[in-house]
Amino acid sequence: MTVAFVLGIDTATERTVIALGERERDGARIDMRAAADIDAPRAALGRLLPACDEMLRREGLAVSDITEVVVGRGPGSFTGVRIGVATAKGLAHGLGVPLYGVGTLDVVAWGYARAPSAYVADETSHGGLLGVVGDAMRGEVYVALFEVVEGAVSRLEPDRVTTPAEAACEWASLGRPVTLAGDGLAKHGAVFAEAFGPRLRLSAESHWLPAASGLLAAFEHAWAAGEAGSGDVGALLPTYPRLSDAEEAERARGEAPPR
């Protein structure tokens, strides 16, 4: 059997995620071989490549054994997303292997979906609507709504940036229970608690950040659905739902063309 080795990375949040998966070449299922979820705020640049090297060495592999690279494209920290995407592009280009991308909010959703018990409030009802709330800074959040059914995730809306109050009111008025996850809840949990009241359902805090298990699960799903991209290193782009601070400053000065 010919095995494909998949290296996954996501540095869009304050956690540096590295996943090493393997699968039968051209097969859909990816088995986790090694994982590292490193809580390292603003340290991804210095931690990512040494941690990748250490993981490969521990598994008896060389970087030349990697046959596919997948990266979390964001949204998240602008600097973090750029570190992850630039590193993934460099690795894939240097190795001459395809590069694929998945959404970082999808990674959070899949990590939650594959967890055996992700609820704090009600461990018997693991499923239904899942609202992922990412920290967008400046008092805003990146959000996306998903549906979880028997460990599988369906995206119901594109990534967007909004205020915590708008997202909370919108989801609280859906008429269906919505479980919440994501690092944006650390700052804005009180806003969602006020909107949902006694109907507030939080996932376990351990599922608020991306994880290696979610990264490979999201890629496995996207690859099987033909939604992971073409594999072209040059074609993969990060996900930026809004302008960066520098871009907004340039636009205010009339120095940047509109997107």
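Here, the structure is the one placed above.
Residues numbered from 1 in each chain as written. Predicted model: local features only at pLDDT ≥ 70, side-chain atom pairs only at ≥ 80, totals over all residues. Heavy atoms only, no water.

With that settled, consider the overall build of the chain. Across its full length, the chain holds seven helices and 11 strands. In the chain, 65% of the contacts between residues at least 6 apart in sequence involve partners at least 24 apart. Of the accessible surface of the chain, which amounts to about 11,900 Å², a share of 53% is contributed by carbon and sulfur atoms. (Helix = DSSP H or I, 4+ residues; strand = E, 2+ residues; numbered from the N terminus. Contact = heavy atoms within 4.5 Å. Areas by Shrake-Rupley, 256 points an atom, 1.4 Å probe, with all protein chains shown as cover.)

Per the counting criterion, the structure on display carries 13 salt bridges. Asp 39 serves as the salt-bridge partner of Arg 15, at 2.9 Å between the closest nitrogen and oxygen. With Arg 15 in strand E2 (residues 15-24) and Asp 39 in strand E3 (residues 31-39), this pair connects stretches of sequence that are 24 residues apart. With a relative accessible area of 12%, Arg 15 lands in the buried category. As a salt-bridge pair, Lys 187 and Asp 135 come within 3.0 Å of each other at their nearest N and O atoms. You can see Lys 187 sitting in helix H5 (residues 185-196) and its partner Asp 135 sitting in strand E6 (residues 128-135), a full 52 residues away along the chain. (Salt bridge = Lys/Arg side-chain N within 4 Å of Asp/Glu carboxyl O. Buried < 20%, exposed > 50% of the residue type's maximum accessible area, 1.4 Å probe, protein only.)

Here H5 contains 12 residues, and its C-alpha end-to-end distance of 13 Å is more than 12% below the 16 Å for a straight helix at 1.5 Å per residue. Burial in H5 covers these residues: Leu 185, His 188, Phe 192 and Phe 196. Mapping the buried residues of H5 onto a view down its axis gives an arc of 100°, with all of them on the same face. Looking at H5, the residues exposed on the side facing more than 90 degrees away from the buried face are Ala 190 and Glu 194. Contacts made by the buried residues of H5 are with E6, strand E7 (141-149), helix H4 (164-172), strand E10 (178-181) and strand E11 (201-202). (Expected span 1.5 Å × (residues − 1). Arc of directions from axis to C-beta.)

Attention now goes to the nonpolar core. Ranked by internal contacts, the top residues of the largest apolar core, which has 47 residues, are Val 102, Leu 130, Phe 146, Trp 171, Phe 192 and Phe 219. Among all residues touching Phe 192, those that are not within four sequence positions of it are Val 133, Pro 164, Ala 167, Ala 168, Trp 171, Leu 180, Leu 185 and Leu 200. Listed in part, the 30 residues of the second largest apolar core include Ala 40, Met 55, Leu 91 and Val 233. (Core = buried A, V, L, I, M, F, W, Y, C linked by side-chain atoms within 4.5 Å.)

Turning to the side chain of Arg 201, a few remarks are in order. Within the secondary structure, Arg 201 sits in strand E11. Taking the relative accessible area as the measure of exposure, Arg 201 reaches 17% and is therefore buried. Within the structure, the side chain of Arg 201 is placed 3.4 Å from the side chain of Thr 179, a separation counted as a polar contact. (Polar contact = N/O pair within 3.5 Å; in protein donor to acceptor, adjacent residues only side chain to side chain.)

With that settled, consider helix H3 (residues 104-113). The element H3 is extensively covered by neighbouring structure, given that 10 of its 10 residues are classed as buried. When we look at burial in H3, the residues that qualify are Thr 104, Leu 105, Asp 106, Val 107, Val 108, Ala 109, Trp 110, Gly 111, Tyr 112 and Ala 113.

Evaluation of the coordinates by the stated rule reveals three aromatic pairs. Ring centres of Tyr 100 and Phe 219 lie 5.4 Å apart, and the angle between their planes is 35°; this geometry places the pair in the tilted category. Of the two residues, Tyr 100 is situated in strand E5 (residues 99-102) and Phe 219 in helix H6 (residues 212-224); the sequence distance between them amounts to 119 residues. Measuring from centroid to centroid gives 6.4 Å for Trp 171 and Phe 192, while their planes differ by 40°, and the two rings are tilted. Taken together, the positions of Trp 171 in helix H4 and Phe 192 in helix H5 put the pair 21 residues apart, joining distant regions of the chain. Its end group placed over the ring of Trp 223, Arg 23 keeps NZ or CZ at 4.1 Å from the ring centre. (Phe/Tyr/Trp six-rings, centres within 6.5 Å; stacked < 30°, edge-to-face > 60°. Lys NZ or Arg CZ within 6 Å of the ring centre and 35° of its normal.)

This next bit is on the sheet that holds E2. Read across the open sheet, the five strands follow the order E3-E2-E1-E4-E5; overall the sheet is mixed. If you trace the sheet from one side to the other, it starts and ends with E3 and E5, each paired once. Neighbouring strand axes in the sheet, compared pairwise and without regard to direction, differ in orientation by 15° on average. Of the strand pairs in this sheet, strand E1 (residues 3-10) and E2 are connected by eight bridges, and their pairing is antiparallel. Looking at the pairing, Ala 4 lines up with Arg 23 of E2. (Pairing = 2+ DSSP bridges. Axes fitted to C-alpha atoms, helices over the stretch in contact; angles between N-to-C directions.)

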